[in-house]
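Given next are the chains, with one letter for each unit.
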Amino acid sequence: MLKIGWKDSGAIMVLLVMLMTNVVTGQYGSCDLTYNYASGQTSFIESPNFSNYYAPGTKCRYTLNAPVGHTLYAQCYDMYLPSSTGCYYDKLAISRFGDPNLSDAIVRCGTTTFNVESQYNKLVVALLGSTSTSGGRFRCQITALKLACDCGRHKTVSVRWL
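Residues numbered from 1 in each chain as written. Predicted model: local features only at pLDDT ≥ 70, side-chain atom pairs only at ≥ 80, totals over all residues. Heavy atoms only, no water.

By the naming in an unreviewed UniProt entry, the protein goes by CUB domain-containing protein and is assigned to Anopheles melas.

Asks: Please set out the sheet that holds strand β2 (residues 42–46) residue by residue, giving values where relevant.
Replies: Note: strands within a sheet are paired through backbone hydrogen bonds, in either parallel or antiparallel orientation. As summarised here, the arrangement of the four strands in space is β2-β9-β4-β7, forming an open sheet in which the pairing is antiparallel. Edge positions in the sheet fall to β2 and β7 (114–117), since each of these pairs with one other strand and no more. This sheet shows a mean twist of 20 degrees between the axes of neighbouring strands, independent of strand direction. Bridge count between β2 and strand β9 (residues 137–146): five bridges; the pairing is antiparallel. In the strand pairing of β9, Phe-44 is matched with Gln-141. (Pairing = 2+ DSSP bridges. Helix = DSSP H or I, 4+ residues; strand = E, 2+ residues; numbered from the N terminus. Axes fitted to C-alpha atoms, helices over the stretch in contact; angles between N-to-C directions.)

Asks: Hey, could you go over the confidence of the model for the protein for me, with residue numbers and the actual values?
Replies: Looking at the protein, the pLDDT average stands at 86 and 77% of residues meet or exceed 70. Confidence drops under a pLDDT of 50 for residues 11–23, and excluding neighbours within four residues, the segment shows two contacts in the predicted structure. (pLDDT = per-residue confidence, 0-100. Contact = heavy atoms within 4.5 Å.)

Asks: Quick one: what's the story with the state of the cysteines, residue by residue and with numbers?
Replies: Simply put, disulfide is the name for a covalent bond between the sulfur atoms of two cysteines. What the rule picks out here adds up to three disulfides. Through a disulfide, Cys-76 is tied to Cys-140; the S-S separation comes to 2.0 Å. Looking down the S-S bond of the Cys-76 and Cys-140 bridge, the torsion is 105 degrees, so its handedness is right-handed. Here the residue Cys-76 occupies a position in strand β4 (residues 70–80), and Cys-140 occupies one in strand β9, the gap between them amounting to 64 residues. Classification of Cys-76 as buried rests on a relative accessible area of 4%. For Cys-87, the disulfide goes to Cys-109, at an S-S distance of 2.2 Å. Because the sign of the S-S torsion sets the handedness, a value of about -80 degrees for the bond joining Cys-87 and Cys-109 places this disulfide among the left-handed ones. A residue pair is termed long-range when its members are at least 10 positions apart, and Cys-87 in the loop between β4 and β5 (91–95) and Cys-109 in the loop between β6 (106–108) and β7 qualify at 22 residues. Of the two residues examined, Cys-87 and Cys-109, each falls in the buried class. (Disulfide = S-S within 2.5 Å. Buried < 20%, exposed > 50% of the residue type's maximum accessible area, 1.4 Å probe, protein only.)

Asks: Let's hear about the pairing of strand β3 (residues 59–65): which residues, and what values?
Replies: Most of β3 is tucked away, with six of its seven residues classed as buried. Pairing analysis gives five bridges linking strand β1 (residues 32–36) to β3, with the strands arranged parallel. Across the sheet, the residue bridging to Leu-33 is Tyr-62, located in β3. Here β3 pairs with strand β8 (residues 122–128) via seven bridges, running antiparallel. Looking across to β8, one finds that Thr-63 is bridged to Val-124.

Asks: Please provide a residue-by-residue account of the environment of Leu-147, values included.
Replies: Mapped onto the fold, Leu-147 is located in the segment after β9. In contact with Leu-147, not counting residues within four places along its chain, are Gly-69, His-70 and Thr-71.

Asks: Pulling in residues and values, what's your account of the environment of Ser-132?
Replies: Note on placement: Ser-132 falls in the loop between β8 and β9. The exposure class assigned to Ser-132 is exposed, which follows from its relative accessible area of 56%. Along the sequence, Ser-132 and Pro-56 sit 76 residues apart, while their C-alpha atoms lie 7.1 Å from each other.

Printed below as a string of C-alpha cells:
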C-alpha cells in the first residue's frame, strides 16, 4: 500500500499543475503564436498554409495583445471551415476575455463571416481542426482600437435659486 504524507501531497499537486499546463500548451505545438499590437496597428491572423487549406487535425492558438486602454477588433472575412451541427468538427474558438483555455469561447465554423471585439486588451483565437475532415482555411483582420474616453470632461453644475 502506498502512503502519501502531507509533504508528498504538495509535490503531487505541483506535478498535476505542471501536467495540466503541458496539456494546454502541448496541444498546439509549434502553432501556439503570440502577437503584440501597437495602438491603431492592423494585421492578419490566418490558418497555416493560407490561402490553401490547412491539414486535417491542425490545431493553432493565436494570443493577441494590445496596450492597456485598447481592445482588439477581429474581422473574420475569409471563412472556409467545414460546417457541422454545433461546430462539432473544425471550428474557430474565440475568447473575448483573452482566456488561453477558451473556457468562455464563442465558436464559429462554416462559411459565415463574422466580427468580434475583445472585452479588454487581449483576444485568444484557436483553430481546432478535426482529423475527420479535409481541412479548411480562415483569415481575420485584427486592429488594436483605443478606447474612447470622456477624459477631462466635467459634469456641468447648475445652481437654481428659489
